[in-house]
Amino acid sequence: MKFVLIVLCLLGTAAASLALREHYRPYGESVCDINDHWDCGIVNHSPYAVIPQGSPSGIPVAVIGIAGYLLLGVLAVKRAYKIMLTLSIPALTLSLYLASLEASPNKLGVWCLYCAISLGMISLMTLLLLITVLLRILRKPTPAH
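Report follows, based on the coordinates. (Residues numbered from 1 in each chain as written. Predicted model: local features only at pLDDT ≥ 70, side-chain atom pairs only at ≥ 80, totals over all residues. Heavy atoms only, no water.)

1. What to know about the packing of aromatic side chains
The relation between two aromatic rings is expressed through the spacing of the ring centres and the mutual angle of the planes. Within this structure, the stated rule accounts for 1 aromatic pair. Ring centres of Trp-38 and Trp-111 lie 6.2 Å apart, and the angle between their planes is 35°; on these two criteria the pair is classed as tilted. Here Trp-111 lies in the loop between helix 4 (81-103) and helix 5 (113-139) and Trp-38 lies in the loop between helix 1 (2-24) and helix 2 (40-44), a separation of 73 residues in the sequence. Judged by relative accessible area, Trp-38 falls into the partly exposed class, the value being 28%. (Phe/Tyr/Trp six-rings, centres within 6.5 Å; stacked < 30°, edge-to-face > 60°. Helix = DSSP H or I, 4+ residues; strand = E, 2+ residues; numbered from the N terminus. Buried < 20%, exposed > 50% of the residue type's maximum accessible area, 1.4 Å probe, protein only.)

Rendered as structure tokens:
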């Protein structure tokens, strides 16, 4: 499990890094401007791409993603699966919130390929961590009385 989680962390870091590149790339030069429904430039230049939302000096969401995946990767090396699960749930929640903004025609109405990949990575990671933690709990021997 350790190596699967490390690979997912590396893929998530790569996706978040590409999203960060789009954030700092001049508007209109996105390499993933695929069509009317997929455009990383629109998403990563939107007010939703920084925290606090819309702040010109805000922290790009992609930076938070990179830091989060790196932290999860370190924890995977240490096999700290309970801590990873505790951190992955709010990360998944944030990723789902951002995806809802992308899906909403009243907000963005356009998807970022890198963000969708990141959502897939954190979703799969959270599911695997939940299964791993539950199995470890169920397999724990009970003390004899």
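2. A closer look at the state of the cysteines
Within the structure shown, the criterion is met by 1 disulfide. One disulfide bridge connects Cys-32 with Cys-40, the sulfur atoms lying 2.0 Å from each other. Cys-40 matches Cys-32 in its accessibility class, with the two residues each being buried. (Disulfide = S-S within 2.5 Å.)

3. Structural notes on a positive patch on the surface
On the surface, Arg-79, Lys-82, Arg-136 and Lys-140 cluster together into a positively charged patch. Within the element layout of this structure, Arg-79 appears in the loop between helix 3 (61-77) and helix 4. (Patch = residues over 30% accessible without salt bridge, like charges linked within 9 Å, V, L, I, M, F, W, Y side chains within 5 Å. Areas by Shrake-Rupley, 256 points an atom, 1.4 Å probe, with all protein chains shown as cover. Salt bridge = Lys/Arg side-chain N within 4 Å of Asp/Glu carboxyl O. Lys, Arg positive; Asp, Glu negative; His and termini not counted. Charge placed at Lys NZ, Arg CZ, Asp CG, Glu CD.)

4. Describing the layout of surface pockets
By volume, the largest pocket amounts to about 570 Å³. Val-61, Gly-65, Leu-94, Leu-98 and Ser-118 are the residues nearest the centre of the largest pocket, which is lined by 33 residues in total. For the lining of the largest pocket, a count of residues per class yields 26 nonpolar, 6 polar and 1 charged. (1 Å grid on protein atoms, 1.4 Å probe; cavity = no way out; pocket = protein on both sides within 12 Å on 5 of 7 lines; lining within 4 Å. Points joined across faces, edges and corners; volume = space filled by probe spheres on them. Nonpolar A, V, L, I, M, F, W, Y, C, P; charged D, E, K, R; others polar.)

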